[in-house]
Amino acid sequence: MPVPLLSIRGLSKSYGAVHANRGIDLTVEKGSIHAILGENGAGKSTLMKLIYGVESPDAGQVSWQGKPVRPTSPAEARKLGIGMVFQHFSLFETLTVVENISLIVPGRTAALVTRIRDLGREYGLEVDPRAHVHSLSVGERQRVEIIRCLMTDPDLLILDEPTSVLPQQSVARLFDTLRRLRDRGVSILFISHKLEEIRAICDHATILRDGAVTGTVDPRDHDATDLATMMIGRDMPALPPATAHKPGKVALELAGLDHTPDDPFGQPLSKVALRLHQGEVLGIAGVSGNGQAELARLISGEVTLPDHRAAEVLMLGQAAGDLGAAARRALGFAFVPEERLGRGAVPEMSLADNTLLTAHRAGLVRRGMIDRAREAQFTATCIRDFDVRTPGPRTEAGALSGGNLQKFIVGREIMLAPRLLFVSQPTWGVDIGAATAIRRRLVAMRDAGAAVLIISEEIEELFEICDRVQVLNAGRLSPSMKVRDIRVEDVGRHMIGAAEGGAA
Amino acid sequence: MTSTLNRRGFLQTTAAAALGAGLMPALARAQGEPLGIALVVPSPFGDVGWSHALAMGLDQVVAEYGDRVKITKLENIPEGPDADRIMNKVVADGNKMLIAGSFGYQNGAMQVARRNPDLSVLHASGFMVAPNFTPFAARNYQGTYLMGMAAAAVSKTGKLGSVSAFAIPELVSSINAFTLGAQAINPDIQVAVVWVNTWFDPAKEQEAARALLAQGCDVIYSNGQDTPSVVSICEETGAYVFNLNSSMLKYAPTKYLGCVATDWAPFFLQSVKAHLEGDFEGHTAYLGLAEGVIQPMDWNADIPSEVMTRITETQAQLTDGSMHVFTGPIARQDGGEAAAEGVILGDEDIVSMDWHVAGVTTPLPS
Amino acid sequence: MNLAGYRLARRDKASRKLAVVAPVVALLLSIALNFALYMAMGKNPVAVFQAMLIEPVISWPAFSEVLLKMTPLLLIAQGLAAGFRAKVINIGAEGQFILGAIFASAVPVWFPQISGLWVWPLMIVLGGIGGMLWAVVPAIWRVRLNASEILVTLMMSLIAAQLLNFLLVGPWKDPMGFNFPQSVIFPLDATLPLILPGTRVNVALAIALIWSVACWVYLQRSFQGYQLMVGGLAPQAAGYAGYSQSRAVWMSLLIGGLAAGLAGASEVAGPVGQLQRSIASGYGYSAIIVAYLGGLHPVGIVFSSLLIAILYIGGDNAMVSAGLPVAAVRVFQGSLLVCYLAAITLVRYRVIREPKGIRA
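All names here are of chain B. Within the structure shown, the criterion is met by 26 aromatic pairs over all chains. Arranged with centres 6.0 Å apart and planes meeting at 85°, the rings of Trp50 and Trp264 form a pair that is edge-to-face. Of this pair, Trp50 sits in helix H3 (residues 49-65) while Trp264 sits in the loop between strand E10 (256-262) and helix H10 (265-276), and the two are 214 residues apart along the sequence. Assigned by exposure class, Trp50 and Trp264 land together as buried. Their ring planes at 45° and their centres at 5.2 Å tell us that Phe136 and Phe267 sit as a pair that is tilted. With a gap of 131 residues between them, Phe136 in strand E5 (residues 133-138) and Phe267 in helix H10 connect regions that are remote in the sequence. By relative accessible area, which is 1% here, Phe136 ends up buried. Aromatic ring contacts, followed pair by pair, group Trp50, Phe136, Trp264, Phe267 and Phe268 into a single cluster. Looking at Lys255, its charged tip hangs above the ring of Tyr240, at a distance of 4.1 Å from the centre.

Structural data, given as structure tokens:
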């Protein structure tokens, strides 16, 4: 029996009272694409940090090619032959690709450029070595990160949620690259919570739940439901089927909006048009960075238009382009931004005080003074109704996990009973149980007659809850498509700009 | 004994804390305590300048009286409520003589004097008098008159300048005397003044000196600066310079015209003696050459010997009273007459002088 | 941050217990450090600390001076804290203080014979207005031109000092004052009534305490105070919720200016009794330290202003009674601040020991 490349026995790691990893066993063979599958908070990232030497385990044994090792820094891990691509890239935007790479890999620039080109051809990772990083798409940046790892000839490549930032078409291309790497003997640890992807590419899967291994399987032998059950420990909650309904009055209308943001790196918007009615859910699909952030601010009122262009944003029957965020909320608008900490909530403030942030108009302030009793009541209701896992309303928002904070913010905004609810990236980084709960709430809002606008990168999510979708690509919004009439591939085409034409 | 902390001092503090400050004076007298003398000044003592001269004067008192006096020196005390509090504190600590070393301490020092009849206060540059409160000032104008003579003799441009702190009578009269002395040698001499409105801002003072030098002044009177800011600039640029209070010769080894030094020791010794003998009596102490308080020194060798001879003669006449600086005819800057032929201005005119003599080119700020 | 196997981890919520303990720890630590310094200087450390820390608290005359010194610090720091919470950094309280003093002085300078019980309240009100007006300039510059209020307030302080100079060497100079740069001495009715007999403590202390209560209500209980805090902690969140940044700037600067103006008025009409150059003695800058030392919390600031006042009076005492040079006094004050800032970190963070390697 051949010696496995990486073998882990009984690895444990605790942060205070939290057991992030408990007695993890894991074996990665040579030339294997091995999935680490689990919900947010299941311990995937901790495990990778232990392998890559970012953190030290409390107990357990790591063997590399049969020999016990204990890497105490990423540099040592790289020396062993372990490379890692993090979810958040660590590239300098103002430098070129080759300059970024030369920060870590020694060698003359000309030689590096040649190697970057060679690696690109070999593995389908083509990227211009002389291009500045800020001009690259997310997919290209990921390629740069992977190339940078490959330059050190690793035997094991760890990829942390590599597809979460990629459009559909780039995912296929990434998978092609990974397969080529595997064929040349490089093993890959592939972290994800997307079941279909794992079934498509991985030959082994280790499933984590609450910091412990709950199964080691060949994902090709199991369907998504099986894997999900292992992952969340119970049957996957199903969404109620979308009920047929009649759209009501127009709640939000953008009529060919052009906008150039102040930020020079921002994405200008061009002729953006959409119309959203009461009682329907409209989804904006597309990869982040194509104008999502700019569009969200224009709709929320964080960026306003000059007076004479007020009519370019019609909100709940009023020309609202020149209204600020507070004035738009007064019309019956509520908003959940994609950044939860620092925008949707103040990290240093308690949940109770964060309630006040937007819910002050729900009777929590009387004659300019805060009504602490009502604030506490509102907070308690939000925590209970939206299943926010927290020691209590006095806990600081910054101490909550991403999913729990999202439940809190969504809950707060829904409790304001808006007629127009806008949610940007409703389930980013939220575990599958919480994500399902949030989607269910959004559908319930629609059924109660509210207009719901969603911006999301996850096409499956949009297909689950939206009545219509439009795709935002390079600052342009595609025409509206009825979800029941189209397939995922139709959206994908718009995402790469392959379906131009067709007026909005 | 100038040491301000010793075992006894500590016991005093503890005792004061335990018994209450009110009992302190009685306690001190019962034990035959030394006379506590406190000096409060607004700037650092440094090694030159006004505050330094006051401290040097007290050193002579220590040399004379030894253990029978106990000196507390407090530097850098800003005028205003802080100074008032500190003066109260030094009195509460049992000091019986207070030397308030700045005009700005006047109101606070007077209050302390009124509340403590057994306290003797010497106050610099002021105009208030009380039975236990003596304002003191030096007749700097006597010295600056002599410096004016020397300045006119060494000046090639015929333009003299002065960097001056505040347009108060004491500084105004010394500039006037300087001008009169210079005119005694060269009747056409001109004097320009820059008022910096600070007692302590070396950067600003140097800037003012540079401005005067740029206008062609080749002798500078550093009037009211506690640091060698102006003196060192003049040495660098090759202009003659002099100052008051204490010698800054080492900062201008070649261009130092001389110093109108102030030696407070005779006055302090006399005041301490009076206090100890119980006959301290508040009066205006206006002290000059005759009292040995004003001491011109460090004359530059570049001064022509015949002028030096005249200076020495004049100094002798001013000392014995056969000559007065402000003797008519004196013309005012505005053309009016300040003193007719043969009229000698009295002390009350000098201590309230708010006009310049003809020859001073800068108008006096009003 | 990772140092020799230790690192700082953020607490779920700030520790209230440590918030109280931290200043005490800081005080003890700085005493220990300076103990060594005084030994090296040949001073008796016990005597120094007796004069510096004990006497100002147990001696009534000294403590009354502490209360007097504390008053302007308390007034200004409470006002600045509101702005600092909103990250509107007004470091020009010194200039607003001077303007408050000038506005208040206008009454007795122009009407030297004025009398009536309403005179000093009028001066206090004018002082507050003067401080606010001086803060209007940086507010406009920040809101309209996006100019840093840090720079503008600081520059305005320099201008204020020159304005004071101009008035004192020019139009407001006491005609009987031998050209000294100071105003007439204020008549009795233009000075603040004393409230503690036998001391210099005046009604401004009461004003400062009432002002502190008002600040507490404003910052801890009012929605506007809450909005200021959100703007400071998370500007994006304030924008998201639709809170007006301009209003936060205006309120912050006006409250700070008002407070500093009140302090300036109560200083000239209080222990000084005339307008002089020395009124600008740095209260506006010290109050910044007081505000941060008090954790920008109205209750904390009451204690920090008391502490800083004790340090000032104690420092004077140490110079007078224990012969400590002024530089050593400043060293103590500085080291206390450094120790406090180190200690206060532990209120929000805890130290965690990193285990080394694998325990197999």
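Additional details are given in the paragraphs that follow.
With that settled, consider the environment of Arg180(A). Residues and elements named next belong to chain A. For Arg180, the position within the fold is in helix H6 (residues 168-183). Accessibility expressed as a relative area gives 26% for Arg180, which makes it partly exposed. Remark: the alpha-carbon pair of Arg180 and Gly124, spanning 56 residues in sequence, is separated by 8.6 Å. For Arg180, the contacting residues outside a window of four places in its chain are Arg121, Glu122, Tyr123 and Gly124.

With that settled, the discussion passes to the sheet that holds strand E10 (residues 212-217) of chain A. All names here are of chain A. As summarised here, the arrangement of the six strands in space is E6-E7-E8-E3-E9-E10, forming an open sheet in which the pairing is mixed. The two strands at the open ends of the sheet, each matched to only one other strand, are strand E6 (82-85) and E10. Geometrically, the sheet is characterised by an average inter-axis angle of 20° between neighbouring strands, direction not taken into account. In this structure, strand E3 (residues 33-37) lies alongside strand E8 (residues 187-192), joined through five bridges in parallel fashion. Bridge pairing in E8 links Leu37 to Ser192. Contacting E3, E6, strand E7 (156-160), E8 and strand E9 (204-209), helix H1 (residues 44-51) crosses the sheet at an angle of about 150° to E8.

This part covers the pattern of salt bridges. When charged atoms on two side chains of opposite charge get close, those side chains can pair. Under the defined criterion, the tally for this structure stands at 42 salt bridges over all chains. Note that Glu253(A) and Arg275(A) form a salt bridge whose closest N and O atoms lie 3.1 Å from each other. In this pair, Glu253(A) is assigned in strand E11 (residues 250-259) and Arg275(A) in strand E12 (residues 269-277), connecting sequence segments 22 residues apart. Via salt bridges that share partners, Asp82(B), Asp84(B), Arg85(B), Glu65(C), Lys69(C), Arg200(C) and Asp316(C) belong to a single interconnected network.

On to the interface of chain B and chain C. In this assembly, 35 residues from chain B lie in contact with 35 residues from chain C. Where chain B abuts chain C, roughly 3,200 Å² becomes buried across the two surfaces, and 60% of that area is made up of carbon and sulfur atoms. One salt bridge in this structure joins Asp82(B) and Lys69(C), with 2.6 Å as the shortest N-O distance. For the pair chain B and chain C, the number of links is nine residue pairs in polar contact (both at pLDDT 80 or more).

Our next topic: the pairing of strand E4 (residues 59-64) of chain A. All names here are of chain A. The pairing of strand E1 (residues 6-15) with E4 spans five bridges and is antiparallel. Residue pairing for E4: Ser12 is matched across the bridge by Ala59. Pairing of E4 with strand E5 (residues 67-69) involves three bridges; the strand directions are antiparallel. When the sheet's bridge partners are listed, Val62 is paired in E5 with Val69.

Another aspect to go through is the sheet that holds strand E14 (residues 313-315) of chain A. All names here are of chain A. Reading across the sheet, the four strands line up as E12-E11-E14-E15 and stay open at both edges, with antiparallel pairing between neighbours. Edge strands, defined here as strands with exactly one partner in the open sheet, are E12 and strand E15 (318-319). Sheet topology places E14 next to E15; two bridges connect them, and they run antiparallel. When the sheet's bridge partners are listed, Leu314 is paired in E15 with Ala319. Across the sheet, helix H9 (residues 292-300) touches E11, E12 and E14, and the angle it forms with E11 is around 125°.

This part covers the interface of chain C and chain A. Facing 31 residues of chain C, the contacting portion of chain A comprises 42 residues. Buried area between chain C and chain A, both sides added, is near 2,900 Å², and the carbon and sulfur share of it is 57%. Summed over the shared surface of chain C and chain A, the result is zero salt bridges. Of all elements in the fold, only strand E2 (6-10), helix H7 (204-221), helix H8 (223-233) and helix H9 (235-241) of chain C reach the threshold of two or more residues within the side of chain C that touches chain A. The residue makeup of the side of chain C that touches chain A, split by class, is 15 nonpolar, seven polar and nine charged.

Cut-offs used in this document
Residues numbered from 1 in each chain as written. Chains lettered and ligands numbered in written order. Predicted model: local features only at pLDDT ≥ 70, side-chain atom pairs only at ≥ 80, totals over all residues. Heavy atoms only, no water. Phe/Tyr/Trp six-rings, centres within 6.5 Å; stacked < 30°, edge-to-face > 60°. Helix = DSSP H or I, 4+ residues; strand = E, 2+ residues; numbered from the N terminus. Buried < 20%, exposed > 50% of the residue type's maximum accessible area, 1.4 Å probe, protein only. Lys NZ or Arg CZ within 6 Å of the ring centre and 35° of its normal. Contact = heavy atoms within 4.5 Å. Pairing = 2+ DSSP bridges. Axes fitted to C-alpha atoms, helices over the stretch in contact; angles between N-to-C directions. Salt bridge = Lys/Arg side-chain N within 4 Å of Asp/Glu carboxyl O. Buried area = accessible area lost by both parts, 1.4 Å probe. Polar contact = N/O pair within 3.5 Å; in protein donor to acceptor, adjacent residues only side chain to side chain. Nonpolar A, V, L, I, M, F, W, Y, C, P; charged D, E, K, R; others polar.

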